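Coordinate analysis (summary)
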Amino acid sequence: MYDTSKLLLQRLVRRIPTQMLKATLDKWGRLTVEQRQAMDFTQSKWALTQKLLSVCEVHALSVIMNDNPNQGMWYTFQLLEPENDAQSVELTQFKQQFKCHLSELLRQMSVKIKKHTDEAVWIRIALGSSFSKPNHLKPTYVVHYLQTPYVFVRNLTSKLKPLLSQALTLATRHQGVKEANLSGRNLTSIRDLLMRQYQQVFPTKYHSPPEEEDQPVLNQHIEKEQGGVAAHRRHMAHQAFGDGMLPQLQSAVYMLDTKFRDPNNRTMTEREETFKCVVKFSSINLLESLRSCASSGIASAPVTPLLSSIPLKGRNYFVVTDNTPGPSSQGHQTQN
Amino acid sequence: MSRLNPFAKLPGLNTASVLLVESEEHFQQSLAEALVEETSVTVNVRLAKSFPLPIENDESRPRIDLVVFIINLTSELSFQSAEASLKYLEPGYFLGKVCFMVTNARSSSVPAERLDAVRRLAASLHCPLLFAEEQTPEGVTNAAERLLTILKAAAGFVPFTTPLYLSNLTRCTLPPDIDQPSFD
């Protein structure tokens, strides 16, 4: 038992890049100040690991919870049909229920639940099979904000998925869980997008006077002919996507299953079957790029609902079919 | 459809007005700032994305002495937008009051046909074709200086020189081997 935890710590330290090692150890907070100062970070990693092992003999298994929060993709799930007491679920009850349900379903596993300062409950699940110990190097992370119906998961295996869904729905007093079609690398961003915690612009009948901070004081001899049109476009773009800093999304995927429409291409248009294709937009900060597309006139203003429903509905995976208007969780009417 | 008329209004005293038309609305801002620094004449710069210009500005707009179409060679849309805007100008402008300015000509992603197409357009309209470098401040000042030379002639500040006379000297001509395939 003691040796495996030593091995685990060794592998963990090896995975962390050397520059981040000092910061990670500080964040970990398990070493006392003197111990931290005694660690000589100019030594090789192997020497460091040995030193570390000798220092923390007792609790080598208290693992580093979020060493790399921005690596790997986070997927969102939404809890459905809350029961009457879903709003009153609080941390201890949730912890107890969740651990209890999950341990009924799985034998070899390790679950750690911790609440962070920003009201997020982090759950770390390491699974093992009936023959082996829990694999701590490939844990599944689950983040849930109590009293909201959203759950963010990273590294979910197909084996764990149904069990996790069941445990979550029971522990949070809901009746079901479904995929929310939102994924991203940055947890805070997808959380902000879903819970609308970014600066939004609400539609107004009378536009406010154009802001001065983005137009540097123009020389009186320079005048824009189409300034009004540009300001209008900018306002529409900000209304659709929001003001200021936008949450970082990396991609948006549209699965199209519609009839081909192009007046110049008769052969394709005359086919009876639908044309299936996938359109993917990807960028470092997708919402920012879409907003500047709309405000510079590359995308037409007012912004098409296909694009504006990314922030509006908090999704980045859409299935577009030719159905008549009728909102369904997957379908979305095409723009003719 | 109302066209821009070069001689419908009276000129301002010691003033020259230039209209910069650019589909991307990027280079025109820095070029405008370099143009207004001219001291010997008062330069008014109007910026537009494309024609037609909004009719609400028709009253307040001064007489435009020179219309400059800024074309970014890396974008086909830029060229098409400039071409489509030409029909909103009265024919009087094409007697030396229109100029084409091209950016990013050195970029490797530019297909040779596009530069040829711009050349043919400028040559058919008897307009000068300037090449500008927009990414450095020296490039911008250079482009502004050359533009000012044409602007001063177009606004009538150069004695014994009409814009038509100047355009005869500066207009774009097609190289004789333009129809032959290029090396790359």
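Everything quoted here is computed from the prediction, not taken from an experiment.

**Here's the deal with the overall build of chain B**
Scanning chain B for helices and strands turns up five helices and five strands. Reading chain B from its N terminus to its C terminus gives the helix and strand order β-α-β-β-α-β-α-β-α-α. Relative to the 2.2 N^0.38 estimate, which gives 16 Å for 184 residues, the radius of gyration of chain B is 16 Å and therefore close to what a compact globule would have. With the principal axes as the frame, chain B shows a C-alpha extent of 50 × 35 × 35 Å. Separation of charge centres in chain B, based on 15 positive and 22 negative side chains, amounts to 6 Å.

**Things to note about the sheet that holds strand 6 (residues 174-184) of chain A**
Residues and elements named next belong to chain A. Across the sheet, six strands lie side by side as 2-3-4-5-1-6; this open sheet has antiparallel pairing. Each edge of the open sheet is held by one strand with a lone partner, namely strand 2 (109-115) and strand 6. Going from strand to strand, the sheet's axes swing by 20 degrees on average, the running direction of each strand aside. Judged from the six bridges that link them, strand 3 (residues 120-127) and strand 4 (residues 140-145) form a sheet pairing that is antiparallel.

**Overview of the sheet that holds strand 1 (residues 15-22) of chain B**
Strand order in the open sheet formed by six strands is 7(A)-2(B)-1(B)-3(B)-4(B)-5(B), with parallel pairing between adjacent strands. Sheet topology places strand 7 (222-224) of chain A together with strand 5 (129-132) of chain B at the edges, where each strand pairs with a single neighbour. The average undirected angle you get between the axes of adjacent strands in this sheet is 25 degrees. Two strands pair when backbone bridges link them, and strand 4 (residues 98-103) of chain B and strand 5 of chain B are joined in this way by four bridges, in the parallel orientation. If you follow methionine 101 of chain B over to strand 5 of chain B, its bridge partner there is leucine 130 of chain B. Most of the contacts of helix 1 (residues 27-35) of chain B go to strand 1 of chain B, to which it runs at about 165 degrees, and overall it touches strand 7 of chain A together with strand 1, strand 2 (42-48), strand 3 (66-72), strand 4 and strand 5 of chain B.

**Observations concerning the interface of chain A and chain B**
Taken together, the contact between chain A and chain B spans ten residues of the former and 20 residues of the latter. For the pair chain A and chain B, the summed buried surface comes to about 1300 Å²; carbon and sulfur atoms form 44% of the total. Applying the counting rule to chain A against chain B returns four salt bridges. Glutamate 25 of chain B is the partner of arginine 233 of chain A in a salt bridge, and the nearest nitrogen-oxygen pair spans 3.8 Å. Applying the counting rule to chain A against chain B returns twelve residue pairs in polar contact (both at pLDDT 80 or more). Classifying every residue of the side of chain A that touches chain B gives two nonpolar, four polar and four charged. Across three bridges, strand 7 of chain A lies against strand 2 of chain B in parallel orientation.

**Remarks on the state of the cysteines**
Inspection of the entire model under this criterion finds zero disulfides over all chains. For cysteine 99 of chain B, which is in no disulfide, the shortest distance to another cysteine sulfur is to cysteine 127 of chain B and amounts to 7.8 Å.

**A look at the environment of valine 45 of chain B**
You can see valine 45 of chain B is positioned in strand 2. Once the C-alpha coordinates of valine 45 of chain B and leucine 20 of chain B are considered, the two residues, 25 residues apart in sequence, prove to be 7.3 Å apart. Setting aside residues no more than four positions away along its own chain, valine 45 of chain B makes contact with His221, Ile222 and Glu223 of chain A together with Val18, Leu20, Ala32, Leu35 and Val36 of chain B.

**Considerations on the packing of aromatic side chains**
Residues and elements named next belong to chain B. For the structure on display, the rule yields ten aromatic pairs over all chains. The interplanar angle of 45 degrees and the centroid separation of 6.3 Å between the aromatic rings of phenylalanine 51 and phenylalanine 69 together place this pair among those described as tilted. Of this pair, phenylalanine 51 sits in the loop between strand 2 and strand 3 while phenylalanine 69 sits in strand 3, and the two are 18 residues apart along the sequence. Pairwise contacts between aromatic rings join Phe51, Phe69, Tyr88 and Phe100 into one cluster.

**Some remarks on the pattern of salt bridges**
A full pass over the atoms with the stated rule returns 19 salt bridges over all chains. The salt bridge involving aspartate 322 of chain A is made with arginine 261 of chain A; its shortest N-O contact spans 3.1 Å. Taken together, the residues span a long stretch of sequence, with aspartate 322 of chain A in the segment after strand 10 (317-321) and arginine 261 of chain A in the loop between strand 8 (251-258) and helix 9 (266-269) at a distance of 61 residues. The salt bridge involving lysine 152 of chain B is made with glutamate 38 of chain B; its shortest N-O contact spans 3.3 Å. With lysine 152 of chain B in helix 4 (residues 137-154) and glutamate 38 of chain B in the loop between helix 1 and strand 2, this residue pair connects regions lying 114 residues apart in the sequence. In this structure lysine 152 of chain B comes out as partly exposed when scored by relative accessible area, which is 26%. We classify glutamate 38 of chain B as partly exposed; its relative accessible area is 22%. If you follow the salt bridges from partner to partner, you end up with Glu223 and Glu225 of chain A together with Arg46, Asp58 and Arg61 of chain B in one network.

**Some thoughts on unusual backbone geometry**
Note that the residue after phenylalanine 51 of chain B, namely proline 52 of chain B, is joined by a cis bond; omega there is 0 degrees. Looking at where proline 52 of chain B falls in the secondary structure, it is placed in the loop between strand 2 and strand 3. Positive phi outside glycine occurs at asparagine 181 of chain A, with the angle close to 60 degrees. Tracing the sequence through the fold places asparagine 181 of chain A in strand 6. Residue class for asparagine 181 of chain A comes out buried when judged on its relative accessible area of 13%. Its identity is not glycine, yet histidine 126 of chain B carries a phi of approximately 60 degrees, on the positive side. Examined against the element boundaries, histidine 126 of chain B turns out to sit in the loop between helix 3 (112-124) and strand 5.

**What about the pairing of strand 9 (residues 275-282) of chain A?**
All names here are of chain A. Counting buried positions along strand 9 gives zero out of eight residues, so the element sits mostly on the surface. Where strand 8 meets strand 9, eight bridges bridge the pair, whose relative direction is antiparallel. Pairing of valine 253 across the sheet is with lysine 280, part of strand 9.

What counts as what
Residues numbered from 1 in each chain as written. Chains lettered and ligands numbered in written order. Predicted model: local features only at pLDDT ≥ 70, side-chain atom pairs only at ≥ 80, totals over all residues. Heavy atoms only, no water. Helix = DSSP H or I, 4+ residues; strand = E, 2+ residues; numbered from the N terminus. Rg over C-alpha atoms; globule rule 2.2 N^0.38 Å. Lys, Arg positive; Asp, Glu negative; His and termini not counted. Charge placed at Lys NZ, Arg CZ, Asp CG, Glu CD. Pairing = 2+ DSSP bridges. Axes fitted to C-alpha atoms, helices over the stretch in contact; angles between N-to-C directions. Contact = heavy atoms within 4.5 Å. Buried area = accessible area lost by both parts, 1.4 Å probe. Salt bridge = Lys/Arg side-chain N within 4 Å of Asp/Glu carboxyl O. Polar contact = N/O pair within 3.5 Å; in protein donor to acceptor, adjacent residues only side chain to side chain. Nonpolar A, V, L, I, M, F, W, Y, C, P; charged D, E, K, R; others polar. Disulfide = S-S within 2.5 Å. Phe/Tyr/Trp six-rings, centres within 6.5 Å; stacked < 30°, edge-to-face > 60°. Buried < 20%, exposed > 50% of the residue type's maximum accessible area, 1.4 Å probe, protein only.

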